[in-house]
Amino acid sequence: QRVAYRIAASAADIKGDEHPGLAGVLRVVLSRMGNFPALRTSQSTFEFRSLPTLVALAEEHRRQGNTISAGDAHLVLTDFQRQLWDVLLSRSNVLVSAPTSAGKSFVLQNYLRRLTSAGRLTIACYVVPSRALIAQVTDAIAEWRQVAGANELNIFNLPLPSTSNIPSPSIFVVTQERL
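Being a predicted model, the structure only gives us computed values, none of them experimental.

Novice: Whenever I open this one, the packing of aromatic side chains confuses me. Can you help?
Specialist: Two aromatic rings are characterised by how far apart their centres lie and by the angle between their planes. Going through the model one piece at a time under the given rule, you end up with 2 aromatic pairs. Seen in terms of ring centroids, Trp85 and Tyr111 are 6.1 Å apart; in terms of plane orientation they differ by 85°. Their pairing is edge-to-face. With Trp85 in helix α6 (residues 79-89) and Tyr111 in helix α7 (residues 104-117), this pair connects stretches of sequence that are 26 residues apart. No difference in accessibility class separates Trp85 from Tyr111, as the two residues are buried. Residues Phe156 and Phe172 carry aromatic rings whose centres are separated by 5.1 Å and whose planes lie at 25° to one another, so their mutual orientation is stacked. Remark: Phe172 occurs in strand β5 (residues 170-175) and Phe156 occurs in strand β4 (residues 154-156); sequence separation between them is 16 residues.

Have a look at this one:
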């Protein structure tokens, strides 16, 4: 799979004018690998309107299988992200280790968005590995809170005194040390 991604990424840099069938081949490879977000990176690279009907139907079927609802948003995930989403929905304990940009934070934030939208979030702790990421994650959550109209959601990125009453719903964005 790693090799296929490398080949697809390299091929995407080639001018499609010189290789008219390249866009269709790349689209088929990436969709069969379940990497639908990659298809949105460059519309012109993957724009190919004459896929065989069965191939186009297979792509759409696979895309629908990777589409989730996160409150007010409908998102198309990669296969990895979809597997993580399903584990989160099962409410099982999970430990995730994946490379940077695999989409772990994206999935987790949208899961919290879904819980908030459904009125099922009480208190969540979002643990980030560094203080630098606290502001980034806080901003991302504040952005979807505004888009979703979830004004009742409290976001904290500083520890509260132990005597404080914690309002619900709340998300704490903290480092391991602050937690």
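Novice: Before we go on, may I ask you to explain the sheet that holds β5 in this structure?
Specialist: By definition, the strands of a sheet pair up through backbone hydrogen bonds, in either a parallel or an antiparallel sense. With parallel pairing, 3 strands are arranged side by side in an open sheet as β3-β5-β4. A strand with exactly one partner marks an edge of an open sheet, and here the two such strands are β3 (123-128) and β4. Each strand axis lies, on average, 20° off the axis of its neighbour in the sheet, ignoring direction. As paired elements, β3 and β5 share 6 bridges and run parallel to each other. Bridge pairing in β5 places Val128 opposite Thr175. Across the face of the sheet, α7 comes into contact with β3 and β5 while running at roughly 165° to β3. The strands touched by helix α8 (residues 131-148) are β3, β4 and β5; relative to β5, the strand with the most contacts, the crossing angle is about 160°.

Thresholds, definitions, all that
Residues numbered from 1 in each chain as written. Predicted model: local features only at pLDDT ≥ 70, side-chain atom pairs only at ≥ 80, totals over all residues. Heavy atoms only, no water. Phe/Tyr/Trp six-rings, centres within 6.5 Å; stacked < 30°, edge-to-face > 60°. Helix = DSSP H or I, 4+ residues; strand = E, 2+ residues; numbered from the N terminus. Buried < 20%, exposed > 50% of the residue type's maximum accessible area, 1.4 Å probe, protein only. Pairing = 2+ DSSP bridges. Axes fitted to C-alpha atoms, helices over the stretch in contact; angles between N-to-C directions. Contact = heavy atoms within 4.5 Å.

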